[in-house]
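# Geometric and topological summary
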Amino acid sequence: PLLRDTELRGLQVFFGSMGIMGLLYLALLYIVRYAERLIQRHETALRERSRALEVLSSQLITEQEREKKRLAHELHEGVAQTLSSIKFRVEHAVNLVKRQEETGERELESLVPMVQDLIKEVRALALEMRPPSLDELGALATLQWYCHELTAVYPLLEMRQQFLLEEQAIPMPIKVVLYRAVQQRVQYLARKNVPLTVEITIRKANRAIGLEVTDDCTMPREESTLAQADKLELVTLREFLVLSGAEVKIREAGDSGKTSINAEWPI
């Protein structure tokens, strides 16, 4: 009986050890499989991020060249042509004054509206490149002005702003990013030329500056799905916000046609 009991206990130890080893092997196999899936997800995310950065870099270069071309055209066809016309008329008026003709004074007076229009055109270009109010008054006042100006140009666009913080709570680098992000998103939506309601919310919570831009597109349901251009615009905007140090969440348009962009900058 003692020998049988010893053999039985030996078998129990052996099978118990085998069971424990089997459980450890299964646990290790699960951990390896989980790690593989996790690595694959990270690799996929990195590839998508790399493609997005490539698209953003290419688009940034293209946009810079397009903007330079547009500014060059505006300066050449607008400002330069107006200055040339003013120069010609000033020379003509000077000749008239030298000959002591009465039309010389009227010619000079007629130049005043042209100079005023030229000043307005130059100011408009400067405001479009970077509004001075962004440094003088801050991001909130500049965004209010920008939304007002944009709705005057695009009557189908309705803008709603909700600012739940003071201007002093926003660091200067974030002010520029807030303005550029809203400008990029709203300009893209406005060019669709369809009835749109855009809600802009800026708040401070949990030691972070938050931005939320929600648009409600009233296009027909069959056209409300995101096109390739819409997806590319969202990817570009996401990378712009991420590179500025923000944590970004984007809920793309569904059946309701709503797209929401949330960004938070820790401070």
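I will try to describe carefully the structure that is included in this document. (Residues numbered from 1 in each chain as written. Predicted model: local features only at pLDDT ≥ 70, side-chain atom pairs only at ≥ 80, totals over all residues. Heavy atoms only, no water.)

Right, let's talk about the overall build of the chain for a bit. Along its length, the chain carries six helices and five strands. Taken from N to C terminus, the helices and strands of the chain fall in the order α-α-α-α-β-α-β-β-α-β-β. Each of the 267 residues in the chain was classed as buried or not, and the buried ones make up 29%. Counting contacts in the chain only where the partners sit at least 6 residues apart, residues at least 24 apart contribute 67% of the total. For the chain, the exposed surface amounts to about 18,100 Å²; the carbon and sulfur share of it is 59%. (Helix = DSSP H or I, 4+ residues; strand = E, 2+ residues; numbered from the N terminus. Buried < 20%, exposed > 50% of the residue type's maximum accessible area, 1.4 Å probe, protein only. Contact = heavy atoms within 4.5 Å. Areas by Shrake-Rupley, 256 points an atom, 1.4 Å probe, with all protein chains shown as cover.)

This model, assessed by the stated rule, comprises three aromatic pairs. A ring pair is formed by Tyr30 and Tyr34, whose centres lie 6.4 Å apart and whose planes are at 20°; its orientation type is stacked. Taken together, the positions of Tyr30 and Tyr34, both in helix 1 (residues 2–98) and four residues apart, correspond to about one turn of that helix. (Phe/Tyr/Trp six-rings, centres within 6.5 Å; stacked < 30°, edge-to-face > 60°.)

It is worth spelling out a nonpolar patch on the surface at this point. Nonpolar side chains collect at one region of the surface, where Leu11, Phe14, Phe15 and Met18 lie side by side and expose about 450 Å² of accessible area between them. On the secondary structure map, Phe14 appears in helix 1. When its relative accessible area of 47% is taken as the criterion, Phe14 is described as partly exposed. (Patch = residues over 30% accessible without salt bridge, like charges linked within 9 Å, V, L, I, M, F, W, Y side chains within 5 Å. Salt bridge = Lys/Arg side-chain N within 4 Å of Asp/Glu carboxyl O.)

Turning next to the pattern of salt bridges. It is possible for side chains of opposite charge to pair when their charged atoms get near one another. Enumeration according to the criterion identifies eight salt bridges in this entry. With a shortest N-O distance of 3.2 Å, Asp5 and Arg9 are connected by a salt bridge. Taken as a pair, Asp5 and Arg9 lie in helix 1 at a separation of four residues, close to a single helical turn. Judged by relative accessible area, which is 34%, Asp5 ranks as partly exposed.

Interpretation note: all reported values are geometric properties and have no functional meaning in isolation.
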